[in-house]
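# Tertiary structure, described
Residue-level listing of the chains:
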Amino acid sequence: MKHMIDYYLTTIKIAIQTQFQYRVLEYFYMIGMIAEPVIYLVVWSTIAQAQGGSVGGYTSGAFAAYYLVWTLVRNMNIVFTPYGWENRIRSGWFSMDLLRPIHPLNNDVAYFAGMKVVVIILWIPLGLFLSIFFKPELHPAWYQVIGFFFAIWEAYLIRTMLLSLLGMITFFTTRVGAIFELFFAFELVFSGRLVPMSLMPPVVQQVAIYLPFQWTFFFPIESLVAPMTIQHMLGGLGMQLLWIALGWVAVKIMWRFSVRQFSAVGG
Amino acid sequence: MPAIILLNSLSKHFKVPVRESGLKASFGSLFKRQFRTVKAVDEITFQIDQGEVVGFLGPNGAGKTTTLKMLSGLLYPTNGKATVLGYEPSRRQPHFLKQITLVMGNRQQLVWDLPALDSFDLMRAIYSIPTHEFIRTRDEFIDLLELKDLVNKPVRNLSLGERMKMEFAGALLHRPKVLFLDEPTLGLDVTMQRRIRAFVSEYNQRYGATVLLTSHYMADVEALCKRVIVIHRGKLLFDGELSCLVEQFSAFKTVGVTLQTAATDLRKYGQVINQDGTRFTLQVPKADTAQVTARLLADLPVDDLNVEDPPIEDVIEQVFADGKPAEVPA
């Protein structure tokens, strides 16, 4: 355990140092990423104003809060993508990871966790700027602030498991971009990334209950922006833990089968 | 000495798709895909004892790297068995991985944007090396490889040779007992090649490590390996001392003779492969060497005469070309 903590801390340190090498690039990347929620926000605010001030209980200020927190959650949700898996397997770089006496997934989790530290630091001025411009209605209770902290890290872990599962398909076939795109389409509809889940048609909301996607976007955002009891908060965090556990078991099983297929192409 | 690396009929076969070029073949492959089996490694058996440095030779595509990958746990064998330090490599148990290293000349594990010292620290954490031991080994390698002025520079700013030295230091920080070196001097200049060779030799002697080395530079093999294993098209061709390889595969000796005059026809003594003034180099069937040298000394005004084995590169080239010991022309 002590060894793993040391490994995680060292990798996180390496990730932070590396990200700071490319801080300007990171910032432009983040600014580019803001375009998506700002478009959603402008569209929904306009609709809300046209319908007398709100849509499905969301006012312009509530939408502003949702999509402002969205920007942070989205950045926290960035994990090692299946495209990354594809690249490292096709190029042969994965061989070096496999030679280490630590499961490669630990490196992905630790390294991207380190990136988040930089992301949060870079996000703060951006979040402040957006707040001044869009005036969000944000009045969380004390426990929501604490819960939100855990929710975004749990969301990060759920998405890591999901995309690792997808990434491991690359062991079987080295070109799986189409499958990844299908996954992203599902995520867009069932996660709350496009629009708050409560505004989605009932059938979509029903299906979403049985899928992990909303626990990576909708729940972390709602845990800060919507009124929520402690019980509801703890229940949500528990559901996130459940999806992490399920994801971890699935990753372990998938790993056992898929790593045997590794043909160490490209060196 | 105990055997550290054991291979018993080890094989690795790949099923690769086959398709002819052209639109018609491309369309046809949508309905019926054809495959063929490539025997990259085919029933190889050998063993390597503790502390041995063995050269693993073969032309491109012979199966050297595939064998190293199986021995380091990167690939599952199709058939046969391999054990390294008593472990089955394909199970990739952490205790096994902590005792081996694979250095590939075309791969790097150092963090590109940071000074190598940070990567070394990551290695410490990965291999859970006690801090005092880590510092001692790191500083020892920095001295041995003369890295003191380089360890604080971002890796991306190092030359290829400097980076390779760093890779070696990083790959051996956990003091592995078994080293798999795949073309470790690839693309390096002669000085840097020599430095790497000296380091491997020093490491082998200091820690009694077992080394299996592939290289296309025969200087690496001659400097480090007493024993060589030759593989060709996945099959084992030779396993023995380097000197025996020459003995077994070379049908000729090289006779150098310096005469008092250049205007002499030596073709009746053997094939003249070079003439530089009064210095002639002849290629003579091995069995005839004694008789030819005696005739040369008796017939001609000889100033100097020497008999040598052909260069190891030539022998290896012949082995790869023929895949069997050379036959003496009748």
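For the structure, check the block above.
From a predicted model like this one, the values you see are computed outputs, not experimental measurements.

The rules behind each value
- Residues numbered from 1 in each chain as written.
- Chains lettered and ligands numbered in written order.
- Predicted model: local features only at pLDDT ≥ 70, side-chain atom pairs only at ≥ 80, totals over all residues.
- Heavy atoms only, no water.
- Helix = DSSP H or I, 4+ residues; strand = E, 2+ residues; numbered from the N terminus.
- Buried < 20%, exposed > 50% of the residue type's maximum accessible area, 1.4 Å probe, protein only.
- Contact = heavy atoms within 4.5 Å.
- Buried area = accessible area lost by both parts, 1.4 Å probe.
- Salt bridge = Lys/Arg side-chain N within 4 Å of Asp/Glu carboxyl O.
- Pairing = 2+ DSSP bridges.
- Axes fitted to C-alpha atoms, helices over the stretch in contact; angles between N-to-C directions.
- Phe/Tyr/Trp six-rings, centres within 6.5 Å; stacked < 30°, edge-to-face > 60°.
- Parallel < 35°, antiparallel > 145°, perpendicular 65-115°, else oblique.
- Left-handed = near helix turned anticlockwise from the far one by under 90°.
- Nonpolar A, V, L, I, M, F, W, Y, C, P; charged D, E, K, R; others polar.
- Polar contact = N/O pair within 3.5 Å; in protein donor to acceptor, adjacent residues only side chain to side chain.
- Expected span 1.5 Å × (residues − 1).

## Let's talk about the environment of Phe320 of chain B
Residue and element names in this part refer to chain B. Within the element layout of this structure, Phe320 appears in helix α11 (residues 312-322). A relative accessible area of 18% means that Phe320 is categorised as buried. Setting aside its immediate chain neighbours within four residues, Phe320 contacts Leu57, Gly58, Pro59, Val230 and His232.

## What about the interface of chain A and chain B?
The partner chain B presents 29 residues to the 29 residues of chain A that form the contact. Between chain A and chain B the total buried area reaches about 2,800 Å² when both faces are included, carbon and sulfur atoms providing 60% of it. Of all residues in chain A, Leu99, Arg100 and Pro101 of chain A bury the most surface against chain B, accounting for 24% of the area lost on that side. Inspection of the chain A/chain B interface yields two salt bridges.

## Regarding the sheet that holds strand β13 (residues 302-308) of chain B
Residue and element names in this part refer to chain B. The strand order across the open sheet built from four strands is β11-β12-β10-β13, with neighbouring strands paired in antiparallel fashion. Strands at the two margins of the open sheet, each flanked by one partner only, are β11 (271-276) and β13. Averaged over all pairs of adjacent strands, the angle between strand axes in this sheet comes to 20°, irrespective of strand direction. With respect to the sheet, helix α10 (residues 289-299) is in contact with β10 (252-259), β12 (279-285) and β13, its orientation differing from that of β13 by roughly 175°.

## Remarks on the pairing of strand β5 (residues 100-104) of chain B
Strand residues, when the strand is regular, have side chains that alternate between the two faces of the sheet. Residues and elements named next belong to chain B. Burial analysis of β5 places five of its five residues in the buried class, which makes it a mostly covered element. Here β5 shows no split at all, with Ile100, Leu102 and Met104 on one side and Thr101 and Val103 on the other all buried. Sheet topology note: the β5/strand β6 (residues 178-182) ladder contains five bridges and is parallel. Bridge pairing links Met104 to Asp182 in β6.

## Structural notes on the packing of aromatic side chains
This model, assessed by the stated rule, comprises 33 aromatic pairs over all chains. Geometrically, the ring pair formed by Trp70 of chain A and Phe217 of chain A is tilted, given 6.1 Å between the ring centres and 40° between the ring planes. With Trp70 of chain A in helix α3 (residues 60-76) and Phe217 of chain A in the loop between α9 (202-209) and α10 (218-225), the pair connects residues that are 147 residues apart, well separated along the chain. Accessibility expressed as a relative area gives 0% for Trp70 of chain A, which makes it buried. Note on Phe217 of chain A: relative accessible area 0%, which makes it buried. When the centroid spacing of 5.9 Å and the interplanar angle of 45° are considered together, the rings of Tyr87 of chain B and Phe96 of chain B count as tilted.

## Some points on the packing of helix α4 (residues 116-126) of chain B against helix α5 (residues 131-144) of chain B
For any two helices packed against each other, the geometry is given by the interaxial angle and the distance between the axes. All names here are of chain B. Direction vectors running N to C along α4 and α5 enclose 140°, while the axes themselves pass 11 Å from each other. Compared by their axis directions, α4 and α5 come out oblique. Viewed along their axes, α4 and α5 form a crossing whose handedness is right-handed. Residue-level contacts link Leu117, Phe120, Asp121 and Arg124 of α4 to Phe134, Arg138 and Ile142 of α5. Split into classes, the residues belonging to the contact of α4 with α5 amount to four nonpolar, no polar and three charged.

## Some details on the environment of Pro101 of chain A
As for its position among the elements, Pro101 of chain A is in the loop between α5 (94-98) and α6 (104-134). For the pair formed by Pro101 of chain A and Ala141 of chain A, sequence separation is 40 residues and the distance between their alpha carbons is 44 Å. What Pro101 of chain A contacts, discounting residues up to four positions off in sequence, is Pro94, Leu97, Lys98, Ile126 and Tyr127 of chain B.

## A few points about the sheet that holds strand β2 (residues 34-49) of chain B
Residue and element names in this part refer to chain B. Ordered by their spatial adjacency, three strands build an open sheet running β2-β1-β4, and the pairing between neighbours is antiparallel. Both outer strands of the open sheet, β2 and β4 (79-84), are each paired with one neighbouring strand and no more. Averaged over all neighbouring strand pairs, the angle between strand axes comes to 25°, with direction disregarded. One ladder, built from five bridges, connects strand β1 (residues 3-18) with β4; its direction is antiparallel. If you follow Ser11 over to β4, its bridge partner there is Asn79. Those strands touched by helix α2 (residues 64-71) are β1, β2 and β4, and its axis lies near 120° from that of β1.

## Structural notes on the side chain of Thr11 of chain A
Within the fold, Thr11 of chain A resides in helix α1 (residues 2-21). Its relative accessible area of 1% is what places Thr11 of chain A among the buried residues. Within the local environment of Thr11 of chain A, its side chain forms a polar contact with the backbone oxygen of Tyr7 of chain A, the two atoms lying 2.8 Å apart. Apart from residues no more than four positions distant in its own chain, Thr11 of chain A is found in contact with Asn107, Ala110 and Tyr111 of chain A together with Leu122 of chain B.

## Regarding helix α6 (residues 160-172) of chain B
Residues and elements named next belong to chain B. The end-to-end C-alpha separation of α6 is 18 Å, in line with the 18 Å expected for 13 residues at 1.5 Å each. Within α6, ten of the 13 residues are buried, which leaves it mostly tucked inside the rest of the structure. Those residues of α6 not exposed but buried are Gly161, Met164, Lys165, Met166, Glu167, Phe168, Ala169, Gly170, Ala171 and Leu172. Those residues of α6 hidden inside the fold are in contact with β5, α4, α5, β6 and α7 (190-207).

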